[in-house]
Amino acid sequence: MAGAGGGGGLGGGPAAMGGSDLQWCFSQVKGAIDEDVAEADIISTVEFNYSGDLLATGDKGGRVVIFQKEQEMVSPLRVAVSSARHSCGARGRHSPYVAMSRLSNKSRLHSRGEYNVYSTFQSHEPEFDYLKSLEIEEKINKIRWLPQQNAAHFLLSTNDKTIKLWKISERDKRAEGYNLKDEDGRLRDPFRITALRVPILKPMDLMVEASPRRIFANAHTYHINSISVNSDHETYLSADDLRINLWHLEITDRSFNIVDIKPVNMEELTEVITAAEFHPHQCNVFVYSSSKGTIRLCDMRSSALCDRHSKFFEEPEDPSSRSFFSEIISSISDVKFSHSGRYMMTRDYLSVKVWDLNMETRPVETYQVHEYLRSKLCSLYENDCIFDKFECCWSGSDSALMTGSYNNFFRMFDRSMRRDVTLEASRESSKPRAILKPRKVCTGGKRKKDEISVDSLDFNKKILHTAWHPLDNVIAVAATNNLYIFQDKAN
Amino acid sequence: MLCKGVKRKREEEEEQEPAAQDWWLEEASSSLSPEEEASPAPLPPSSLFNLSIFKLHHGLRRGEPDLRHLVLVVNTLRRIQSSMALEPPAPEPPSPAPVSPLPVVPDAPMCTSVSALLDDLSHIEGLSDTQTAFPEDAPLSRPPEPGPDPGRPAPLGSLEILLEDGLEGLFDDIDTSMYDCELWPNLKTDSGETEDKTQGPGLDVSELDYLMDVLVGTQTL
């Protein structure tokens, strides 16, 4: 656990442990219990910040909810030691302000590291595009945190068209004894002031304020699917179906177009961009994935417009499993670099693949998420489930992978031990610190006790969004309108 | 049909959705003989073709289509159509359903199923002129272009006839970029939407917004 000094904080505990050796326990669930789910409450993105102390969710109603991990009060010396340890192992830079924010948090008696609501705000509102007579959805597609540079926290949130930079800051003091205004805030008549006094700072209940600092609008004709903050911490990219733009965080009235795959003749369109991400360490490198199952790595130093890739990753199609749906299931729904920057992971409909950036011909590892669905592709095409976009994520140490599936199942793969496990996010197994029982899907023949048959799976309960704490074994899983937080038993 | 500018309100769409979907499901299920229903076999390409056409129309009727969804459906349609073109006519299970046997390209049975599709669509869409445009004995698909053109995706044949403007109409509706409009000749063309922001000359985006507001009437000059 962060700050406690146990387990090394390098995201995996003892070196041999990976995702499936751990015992995952229920920690918390956030959200309404009603069977009737309001569309606006459906969670559409989940993201930990760089330290893992903050967890942000975005929903279809355009709201952002930020949870903060409760900290036990530790002595300043221990905080300094643990934050130094974190900066050695984890990605990105850690500034001393990380330690400062811990000191400013109120102490709590229990130190199980529960996440509680820190801030809630309306990030995006529904808009109307007058030219096209279309509503622009307020749904938050992605949230990405900026590395912390001072006491405030910054994040980027985006809907289909507009990206916003939000500042989340704490206020726990207020000034009293102003000269020019009285306690109610009304201005005092200057001529009535007979004496001057120095305002004093008085403590107040902690107030967390969110304010929009930048609005990056009008740069995307198509729907934004990804945003990614660069390792230079000054620029970021935003990608829609056909174009990728590069922004400077300080400049809102212009952006550079770095990828454009729109054909001159739209009737020749056969491929769209599905995800994009900057390399975690090399600020000139980014990747983008396509609906045809390809990934292109681009180097911004080679040319201003990165239409020509530096590397092209594609696995040849297996002719034995060819079907009408081959292309749809090869469409990549998410791409994520490993923390180390040596690998990247892609998620297509049925599998997760790990690619070595030095090998373009095929992935180095392939994990089947729910291979039992391969014989059901026709039905899944009929009910549109085949178009669902699942995300994937790395553990802090890159030793394990996680991705979601149907029936509120999610899958974890231990890369070193070559083991995998299926777990379920459900209210039934939501007792405090209850260990999650592995689930199994029966693919045919005799169904064993505790197994669930493929035909009984609930395809409306899909886990599309998951996040793994950057340092500890804490995971956040979004199940429709509920956010589940699981921790490993050692924590 | 696929007229540009015909955008329905969400409530209307949702009311009609169940009816349209029921139609498809009825056809699909009745096309299977009892033996086939017991162990679900993959749908014949013609049913998949019909399903894909339905998805395409449904996707285009939405306010702002999901481009990825559209592209994937169109590509799947192309695969199905090229496989239907290549396959020899296979023996069909006996069935009273209106779903046609696997066709060789321009064929009367194909016309029948497409006409059935159009009949139902026109019922849904409330347009009657589509029925008269397709006499049943006319070949519905053009012969495939001689030799594969690697750069250009294969024409969809009968699909193009279903769309008023051919494939151009398919994606045209999506790309109504305000910068293409002749009202602002200073601006660069289509490919320059985002370049415009970086290069400067021409109208500012905020000015464009203002002009739009004037046109729409929320502001007066």
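Here we summarise the structure given alongside this text. Because the structure is a prediction, the values reported are computed rather than measured. (Residues numbered from 1 in each chain as written. Chains lettered and ligands numbered in written order. Predicted model: local features only at pLDDT ≥ 70, side-chain atom pairs only at ≥ 80, totals over all residues. Heavy atoms only, no water.)

Examining the overall build of chain A
For step 1, the next point in the chain: From N to C terminus, chain A includes 4 helices and 32 strands.
For step 2, the next point in the chain: Expressed as a percentage of its 491 residues, the buried residues of chain A come to 56%.
For step 3, the next point in the chain: Long-range contacts, defined as pairs at least 24 residues apart, comprise 59% of the intrachain contacts of chain A with a sequence gap of at least 6.
For step 4, the next point in the chain: Just so you have it, chain A exposes about 22,000 Å², and 50% of that area is on carbon and sulfur atoms. (Helix = DSSP H or I, 4+ residues; strand = E, 2+ residues; numbered from the N terminus. Buried < 20%, exposed > 50% of the residue type's maximum accessible area, 1.4 Å probe, protein only. Contact = heavy atoms within 4.5 Å. Areas by Shrake-Rupley, 256 points an atom, 1.4 Å probe, with all protein chains shown as cover.)

A few points about the nonpolar core
For step 1, the next point in the chain: The biggest cluster of nonpolar side chains holds 38 residues, and the ones touching the most others in it are Tyr349(A), Leu373(A), Tyr381(A), Ile386(A) and Leu48(B).
For step 2, the next point in the chain: Those elements that provide at least two residues to this core are α3 (326-330) and α4 (377-382) of chain A together with α3 (45-61) and α4 (67-86) of chain B.
For step 3, the next point in the chain: With 7 residues, α4(B) is the largest single contributor of residues to this core.
For step 4, the next point in the chain: Ignoring anything within four residues of it in the chain, the contact list for Leu373(A) reads Tyr349(A), Leu350(A), Leu380(A), Tyr406(A), Val454(A) and Phe459(A).
For step 5, the next point in the chain: If you look at the next biggest cluster of nonpolar residues, it comprises 19 residues, including Phe26(A), Cys393(A), Ala400(A) and Val421(A). (Core = buried A, V, L, I, M, F, W, Y, C linked by side-chain atoms within 4.5 Å.)

Side note on the layout of surface pockets
For step 1, the next point in the chain: Approximately 1,200 Å³ is the volume found for the second largest pocket.
For step 2, the next point in the chain: Forming the walls of the second largest pocket are 36 residues, and the residues nearest its centre are Glu317(A), Ser326(A), Glu327(A), Ser330(A) and Arg79(B).
For step 3, the next point in the chain: Of all elements in the fold, only α3, β22 (351-356) and β23 (365-368) of chain A together with α4 of chain B reach the threshold of two or more residues within the lining of the second largest pocket. (1 Å grid on protein atoms, 1.4 Å probe; cavity = no way out; pocket = protein on both sides within 12 Å on 5 of 7 lines; lining within 4 Å. Points joined across faces, edges and corners; volume = space filled by probe spheres on them.)

Quick word on the pairing of strand β31 (residues 474-479) of chain A
All names here are of chain A.
For step 1, the next point in the chain: Burial runs high along β31: 6 of the 6 residues are buried.
For step 2, the next point in the chain: Burial along β31 is two-sided: the face carrying Val474, Ala476 and Ala478 and the face carrying Ile475, Val477 and Ala479 are both buried.
For step 3, the next point in the chain: Turn length for the strand β30 (residues 465-468)-β31 hairpin, with the two strands adjacent in sequence and antiparallel, is 5 residues.
For step 4, the next point in the chain: One ladder, built from 6 bridges, connects β31 with strand β32 (residues 482-488); its direction is antiparallel. Bridge pairing links Val474 to Gln487 in β32. (Pairing = 2+ DSSP bridges.)

So, the sheet that holds strand β10 (residues 163-176) of chain A
All names here are of chain A.
For step 1, the next point in the chain: With antiparallel pairing, the 4 strands of this open sheet are ordered in space as β8-β9-β10-β11. Bordering the open sheet on either side are β8 (142-145) and β11 (200-216), each of which pairs with just one other strand. The average undirected angle you get between the axes of adjacent strands in this sheet is 25 degrees.
For step 2, the next point in the chain: Where strand β9 (residues 153-158) lies against β10, 6 bridges are found, and the strand directions are antiparallel. Looking at β10, one finds that Leu156 is bridged to Leu165. (Axes fitted to C-alpha atoms, helices over the stretch in contact; angles between N-to-C directions.)

Focus on the sheet that holds strand β3 (residues 54-59) of chain A
All names here are of chain A.
For step 1, the next point in the chain: The 4 strands lie next to each other as β2-β3-β4-β5, forming an open sheet whose pairing is antiparallel. Only two strands of the sheet have a single neighbouring strand rather than two, namely β2 (43-48) and β5 (115-122). The average undirected angle you get between the axes of adjacent strands in this sheet is 20 degrees.

With respect to α3(B)
For step 1, the next point in the chain: A rise of 1.5 Å per residue sets the reference length of α3(B), with its 17 residues, at 24 Å; its end C-alpha atoms lie 24 Å apart and thus fit the reference within 8%.
For step 2, the next point in the chain: Where burial is concerned, most of α3(B) is hidden: 17 out of the 17 residues are buried. (Expected span 1.5 Å × (residues − 1).)

Considerations on the packing of α3(B) against α4(B)
Residue and element names in this part refer to chain B.
For step 1, the next point in the chain: Here α3 crosses α4 at 155 degrees, and the two axes come no closer than 9 Å. By the angle between their directions, the pair α3 and α4 is classed as roughly antiparallel. Handedness of the α3/α4 crossing: left-handed. On the side of α3, the interface is formed by Pro45, Ser46, Leu48, Phe49, Ser52, Ile53, Lys55, Leu56, Gly59 and Leu60, while α4 contributes Leu70, Val73, Val74, Leu77, Ile80, Gln81 and Met84.
For step 2, the next point in the chain: Across the contact of α3 with α4, the residue classes tally to 12 nonpolar, 4 polar and 1 charged. (Parallel < 35°, antiparallel > 145°, perpendicular 65-115°, else oblique. Left-handed = near helix turned anticlockwise from the far one by under 90°. Nonpolar A, V, L, I, M, F, W, Y, C, P; charged D, E, K, R; others polar.)

Digging into the environment of Asp129(A)
Residue and element names in this part refer to chain A.
For step 1, the next point in the chain: The topology assignment puts Asp129 in strand β6 (residues 127-129).
For step 2, the next point in the chain: Look past the residues within four positions of Asp129 in its chain and what remains in contact with it is Leu134 and Ile136.
For step 3, the next point in the chain: One polar contact links the side chain of Asp129 to the main-chain amide nitrogen of Leu131, over a distance of 3.0 Å.
For step 4, the next point in the chain: Engagement of the side chain of Asp129 in a polar contact is seen with the backbone nitrogen of Lys132, the distance being 3.2 Å. (Polar contact = N/O pair within 3.5 Å; in protein donor to acceptor, adjacent residues only side chain to side chain.)

Observations regarding the state of the cysteines
The term disulfide refers to a covalent linkage connecting the sulfur atoms of a pair of cysteines.
Residue and element names in this part refer to chain A.
For step 1, the next point in the chain: According to the stated counting rule, one finds 0 disulfides over all chains in the structure shown.
For step 2, the next point in the chain: Free of any disulfide, Cys283 has its nearest cysteine sulfur in Cys306, 13 Å distant.
For step 3, the next point in the chain: Given a relative accessible area of 35%, Cys283 falls into the partly exposed group. (Disulfide = S-S within 2.5 Å.)

A short note on the pattern of salt bridges
All names here are of chain A.
For step 1, the next point in the chain: Applying the stated criterion across every chain, the model contains 32 salt bridges over all chains.
For step 2, the next point in the chain: Across the pair Asp182 and Arg186 runs a salt bridge whose closest N-O atoms are separated by 3.7 Å.
For step 3, the next point in the chain: Relative accessible area serves as the criterion here: at 54%, Arg186 is assigned to the exposed category.
For step 4, the next point in the chain: Close ionic contact of Arg243 with Asp260 constitutes a salt bridge, the shortest N to O distance being 3.1 Å. Highlighted residues: Arg243 in strand β14 (residues 243-248) and Asp260 in strand β15 (residues 256-260), separated in sequence by 17 residues. Comparing Arg243 with Asp260, the two get one shared label, buried.
For step 5, the next point in the chain: Overlapping salt bridges, with partners in common, bring together Asp41, Asp59 and Arg63 in one network. (Salt bridge = Lys/Arg side-chain N within 4 Å of Asp/Glu carboxyl O.)

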